[in-house]
Every structure is written in C-alpha cells, then in structure tokens.
Amino acid sequence: MTLPHLPRDISRRTRLLKDGHSGNGPVIYWMSRDQRAADNWALLAAAHAASALSRPLRVFFCLAPAFSGASSRHYGFLAEGLRQVAGSLAAKNIPLEILTGKPGITAGKRAHSMNAALIVTDFDPYPEKRSWKTELLKTASCPVAETDAHNIVPSWIASPKKEYSAATFRRKVSPLLPEWLTDIPEIEPMPPMNMEGAAPFAFPGTFPASLSAPDTGDPLEWITPGEHAASERLRIFLREGLERYGQERNDPGLDGLSGLSPWLHFGHLSAQRAAFAVSATPETESSKAFLEELIIRRELADNFCHFEEAAGTYGGLPEWSRKTLDAHRKDSRPVLYDIHTLEKARTSDPLWNAAQREMTSRGKMHGWARMYWAKKILEWSPSPEEAFITALFLNDRYELDGRDPNGIAGISWAIGGLHDRPWPERPVFGTVRYMNYGGAARKFNVKHYIQKIDSLVSTNL
DNA sequence: ATCGGCTCGCGCAA
DNA sequence: TGCGCGAAGCCGAT
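Reading guide: rules and limits
Starting from 1, residues in each chain are numbered consecutively following that chain's sequence as written. Whichever chain is written first becomes A and whichever ligand is written first becomes 1, with later ones labelled in order. Local features in this predicted model are restricted to residues of pLDDT 70 or higher, and side-chain atom pairs are both shown and tallied only at a pLDDT of 80 or more, whereas totals for entire chains, interfaces and linings draw on every residue. Computation of side-chain values: all heavy atoms of the structure, hydrogens and water removed. In this text, helices come from DSSP runs of H or I with a minimum length of four residues, and strands from runs of E with a minimum of two, each type numbered from the N-terminal end. Residue contacts are counted whenever heavy atoms from the two residues lie within 4.5 Å of one another. For the area figures, the Shrake-Rupley method with a 1.4 Å probe applies, and any residue is considered shielded solely by the protein chains shown. Working definition: residue near molecule or strand if any one of its non-hydrogen atoms lies within 4 Å of it. Polar contact criterion, stated in full: a pair of N or O atoms within 3.5 Å, where within protein one must be able to donate a hydrogen and the other to accept it, and residues adjacent in sequence count only if both atoms are side-chain atoms. Charged residues are taken to be Asp, Glu, Lys and Arg, nonpolar residues to be Ala, Val, Leu, Ile, Met, Phe, Trp, Tyr, Cys and Pro, and polar residues to be all remaining types, Gly included. Salt bridges are defined as contacts in which a side-chain nitrogen from Lys or Arg sits within 4 Å of a carboxyl oxygen from Asp or Glu. Any residue under 20% of the maximum accessible area for its type is buried, any over 50% is exposed, and the rest in between are partly exposed; the area is computed with a 1.4 Å probe on protein chains only. Axis angles are defined between N-to-C directions and span 0 to 180 degrees, where every axis is a line fitted to C-alpha atoms and, for a helix, only to the segment in contact. Here roughly perpendicular refers to angles of 65 to 115 degrees, roughly parallel to angles under 35, roughly antiparallel to angles over 145, and oblique to all remaining angles. Crossings are assigned a handedness: left-handed for a near helix turned anticlockwise from the far helix by less than a right angle, right-handed for a clockwise turn.

J.: Can you walk me through the overall build of chain A in this structure?
T.: Across its full length, chain A holds 20 helices and six strands. Reported as C-alpha extents along the three principal axes, the dimensions of chain A are approximately 65 × 45 × 45 Å. Considering only contacts in chain A between residues 6 or more positions apart, those separated by 24 or more positions represent 80%. Surface summary for chain A: the accessible area is close to 19,000 Å², and the carbon and sulfur share equals 54%.

J.: In this structure, what is going on with the protein's contact with DNA strand B? I would like to understand it.
T.: Around DNA strand B, the surrounding shell consists of K161, Y164, T168, R171, W320, P422, W423 and P424. Close to the protein, within 4 Å, the atoms of DNA strand B are drawn from sugar and phosphate at a rate of 73%. Y164 has a polar side-chain atom sitting 3.1 Å from a sugar or linking oxygen of DNA strand B. Considering only residue class, the surface near DNA strand B consists of five nonpolar, one polar and two charged.

J.: Could you clarify how one ought to interpret the pattern of salt bridges in this entry?
T.: A pair can form between side chains of opposite charge whenever their charged atoms are brought close. Applying the stated criterion across every chain yields a total of 33 salt bridges. R357 is the partner of D454 in a salt bridge, and the nearest nitrogen-oxygen pair spans 2.7 Å. Of the two residues, D454 is situated in helix α20 (residues 446-459) and R357 in helix α15 (residues 350-362); the sequence distance between them amounts to 97 residues. In this structure R357 comes out as partly exposed when scored by relative accessible area, which is 28%.

J.: I'm lost on the packing of helix α11 (residues 271-279) against helix α12 (residues 285-307) in this one. Help?
T.: Any two packed helices are characterised by the angle at which their axes cross and by the distance between the axes. Put simply, α11 and α12 touch, their axes get as near as 10 Å, and they point 155 degrees apart. Relative to α12, the element α11 lies roughly antiparallel. In this structure, α11 meets α12 at a crossing whose hand is left-handed. For the pair formed by α11 and α12, the contact residues are A271, A274, A275, V278 and S279 on the first element and S287, F290, L291, L294, I295 and R298 on the second. When its residues are assigned to classes, the contact of α11 with α12 shows eight nonpolar, two polar and one charged.

Written as structure tokens, this is what we have:
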C-alpha cells in the first residue's frame, strides 16, 4: 500500500519506512518524541490517514524501562506530560494507550494484535531510538510511516549527508525556511465513536517504581511539565525575554535564556510553533540569535545523529579531533577527578561546581556553562574517551533535556570539536577549542552566577 | 578596549 | 587548485 492521500503540508513531512499488509483495524500513531496533542505533524498525519481510510485512530506511548539512564525526575516529567496529553486527546475523541516494554517490539506487537491498517510514528534520530524503530519495522506487519514533527525542515530533506559545520548546514536550511516555517493546522476532532472499545487512560500501577529509574531526589518544583506550561513560558519569553536574548544569553548569572529546552526535549512544545511566533516579530539581533539556536543548531544535532552511526560515542567525533586528542593522551593533567567527586560538585573550581549544582538540583544548566563544564571534564579526566562517557552520563542523568541529540551534539562539540574548527594547540586539548576560568571572568561576573546558584539550591526554586 | 594569529577541512569559484 | 571562512576562545601586542 502507498500512504493514503494527505494534505500537502503533512505528506511532505512524512515518508513510508516499510510497506506491508494493511489490516482492517485502526490507524496507530506511536507517539514517542513529540508528546503533545497540539502542533503535532505526526498526529495530524495519523488522523488524516484514519479519516481517509475510515478507520479509528489510536495513540500509543510506550514506557521504556531504564531508557538511557533516565532518572526519576525524567519519568516524573514524562508522566505528568502524558497525563495532560491524554486529556487533550480525549477532548478530540482520541484514546491514548500506555504500553510498557521494549518499545519497538511492544508497539509493533500491540498494533499487530489490533490488526492495524497503518502505524505512523514521529521521527527521532537519537541512537537508542533508531534501534527501536528498526525493531518496530521487523515486528509490525502493517505499513509503517514516520513524520518529522520535531524539525521545521524534515531531517531527510534539510540535507542528504552528515554536515561538517553549522555554516554548511545553514546554507542548506536557511533558503528552505520561507517554505517550511509555516503555521500548523489545528487537529479536527474525531467522531465520538472513535473512543469506542478503547481502554481508559492509565499508567501501570507501580509506575514509576517498576521502571527501576535512578533516584535523583525530590521532584523538581520550579518547572511544570506539559503543553500548557510550555506555551505559557513561550508567551512570557516573547513578552519579556526575547529582546534581551542577544545581549544576555551568554551570561549564566542572568536569566537571559528562553528556558524552553525541557519542554522542547519532551515534545511538550513544538519548535516550529516557537520559531513561527518569533519570526512574526520584528527582526533584531536577539531574534536572529534565538532563531539560529532554535532552528539551525538544534536541527544540526538531529542531522548529526541521523547520519552518524556512532553518534553518542567517542567514535562519532570528527577524525581530526580524535587524532589531536590522541596525540595529547599522555599529557599531564592539572588534576584528575573521579566521577563521584564531579557528581558531588567537589572540585577546586567554584564556577564548575556552581554549574554542576545547577544541573543536579534544578535539572537544567545554563547554556554557556554547559560548554565550560564539559571542557573541564576533558581536562580533568585520564583520557578523552572517559571524559566523553562521564560528561554524557551526568548530562543524561540530571539534565531534564538530556538523552537528546542536542546533548550528544553539545558534548561532542565541547570535548571533540564537532561542528567546530581547530584552535591553537595546547596540552590535553590538542587543537580542540580551549576554555578556562579566565575567559569566564573576562566575560561576566562569575561570583554573581555562583551566588545565584547558591540561593536557588538553598531555596529549592 | 580592540585586534590578529592560531589551525583544519569544506565548498565554491576558477 | 586556490581561497574564504567557520558554535560561543585565548593570549599577547597595541
């Protein structure tokens, strides 16, 4: 079967991954990365396909035990977000079913048991999820399609290859934006009978204890999961933050960032929605800088994970940087810290400790600090390979936006020069760009940042 | 305060 | 084949 006819703005974001025998059951949207009911091209694709085929529409979400070291704070954020999605979907007469198990296989088997006509899923190049998709394709008997609901220009259209730098990627994506950075249609409600026969929305009774997620302490109080809180935050940023973004984004002592990344990671907010709103404002240094990060650099991370098989491992770093880091393998390090010392923020660098505490206690480190933080781990580790593993482990355990192509690309940039260029050679780093405390002190008031983190941690806000 | 050099590879022009 | 230029810097010279 080929895909049913879909409106052009949906079909151009959708591709058939596998053909198969189309059963006489429902159309399934396997929701994974884009956990929202609004502004979701993959949900739109499934809904239009269901209407075209006169079939019910079902939405699955599959809870994966021990996903990439996800911790209690992630499962908490995820669970509350999904509870809200279930409500929003039910208002459109669309049932959400929670599955538990190995996601690709579990979703495929469940779809098979319902004699599904078609499975639509959202595009996600995160390495662990690529394998889920492979398993889905092996398990499902019906056709499977994917829709890129996360990127403004679908990853497979933006570029046919792994891009070398933001500049090469920008040259391809920027000219496409007038065509792709559009408004997103609202989903039409399904007829009430679409809910017939669907089990009421429920999490597994023991959730999340059954998932054996590492415990990262009390739930985070300062941030609210879900689509509603995400769009509220976007509104506030547009009103109060955007105009300062250009000037203030690289000072971690200020609140100059949008703060949207946790919601973007879980798909509670559509990046296209945010970009569309910003693009409707007058063009300024701030709006240009924000769109650069929101579109070019974010989608470049997807490009990297999509085309680099070894993304998320040391072997995925560029050849030139692995070579130079190897040549400096035996250089003496100023000091070595093991992962527990790092995790507890007990280094002799107060700036680094503040960044680490910001991450462990709040689940979100400032963007500038993330670069410095990862580069210091390189400097303090016995080998670049260990530095990479340590940084990614801590990132994925504590950052709300961890376990994401953006985290992989960010750490690969800091430790392995990904999408960066070589800089003067020095010990340990070789020609990978170096950063140090002096640079921070020249740029912003380090003490102010440290005090800010002290007070945030002590008040738990 | 501001500026240039550092260093590698891509992609485009020729 | 040559040449311009790049995700957030550092450092020394002026």
